[in-house]
Amino acid sequence: MTVVAELDEARLVERLRDARAGHDEFSACPVRGVLDQIGDKWSTLIVITLAERPFRFGELRRALADISQRMLTQTLRDLQRDGLVERRVYPTVPPSVDYRLTPLGRSLLGPLGALIRWADENHGAIRAARLDFDAASDRPRTWTARGEIG
């Protein structure tokens with residue numbers, strides 16, 4: 001790890017500690033509230049997709065083939081509520097609607113890009129760690145009455 005990365009990590013830990021210090025419960029931490037929304041599978045994929053250009057609802061649904069209509073609708077509403085996505089309605093017959101990133105949504109692309117690069121660089125190591133963990137966990141483990149592994 002470089003000195004710069006160590007400083008950034010130390011600053012991050014300090015900022016998270018400071019954020020939690022002002023709250024009775026970790027669930028009230030403002031960082032957690034933001035990460036709960038943008039950290040879910042569909043929000044991230046929608047933001048990445050909308051980075052390309054504005055999309056109509058049906059186009060988004062086809063671009064994200066595994067998402068249900070209900071989940072796409074709810075996730076778009078949540079992203080609108082957070083100010084990351086804008087829904088534009090055009091006065092045509094029938095009305096035309098598209099979704100696009102707001103400036104706040106675009107500001108998320110840099111950090112999200114860093115996370116994607118990290119995942120791309122480390123997915124092999126993560127896959128290997130999962131295999132090692134699963135192999136070690138293959139034998140059944142139970143706790144005895146005395147708290148020992150049997």
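Look up a bit, the structure's there.
Residues numbered from 1 in each chain as written. Predicted model: local features only at pLDDT ≥ 70, side-chain atom pairs only at ≥ 80, totals over all residues. Heavy atoms only, no water.

*Asks:* Explanation requested: the side chain of Thr 102 in the structure shown.
*Replies:* Among the structural elements, Thr 102 can be located in the loop between strand 2 (96-101) and helix 6 (103-107). Excluding residues that lie within four positions of it along the chain, Thr 102 makes contacts with Gly 83, Leu 84, Val 85 and Glu 86. (Helix = DSSP H or I, 4+ residues; strand = E, 2+ residues; numbered from the N terminus. Contact = heavy atoms within 4.5 Å.)

*Asks:* I would appreciate a short explanation of helix 5 (residues 69-81) in the present structure.
*Replies:* Each α-helix turn comprises 3.6 residues. Residues three or four places apart therefore point the same way. Its 13 residues place the ends of helix 5 18 Å apart at the C-alpha level, agreeing with the 18 Å of an ideal helix rising 1.5 Å per residue. Restricting attention to buried positions, one finds in helix 5 the residues Leu 72, Thr 75, Leu 76 and Leu 79. With its buried residues spanning 100° around the axis, helix 5 presents them on a single face. Exposed side chains of helix 5 directed beyond 90 degrees from the buried face belong to Arg 70, Arg 77 and Arg 81. A positive phi of about 80° marks Gly 83, the residue just after helix 5. (Expected span 1.5 Å × (residues − 1). Buried < 20%, exposed > 50% of the residue type's maximum accessible area, 1.4 Å probe, protein only. Arc of directions from axis to C-beta.)

*Asks:* Explain the environment of Asp 66 to me, please; I cannot follow it from the model alone.
*Replies:* As for its position among the elements, Asp 66 is in the loop between helix 4 (57-63) and helix 5. In the structure, Asp 66 is positioned 24 residues away from Trp 42 in sequence and 9.8 Å away in space, judged by C-alpha atoms.

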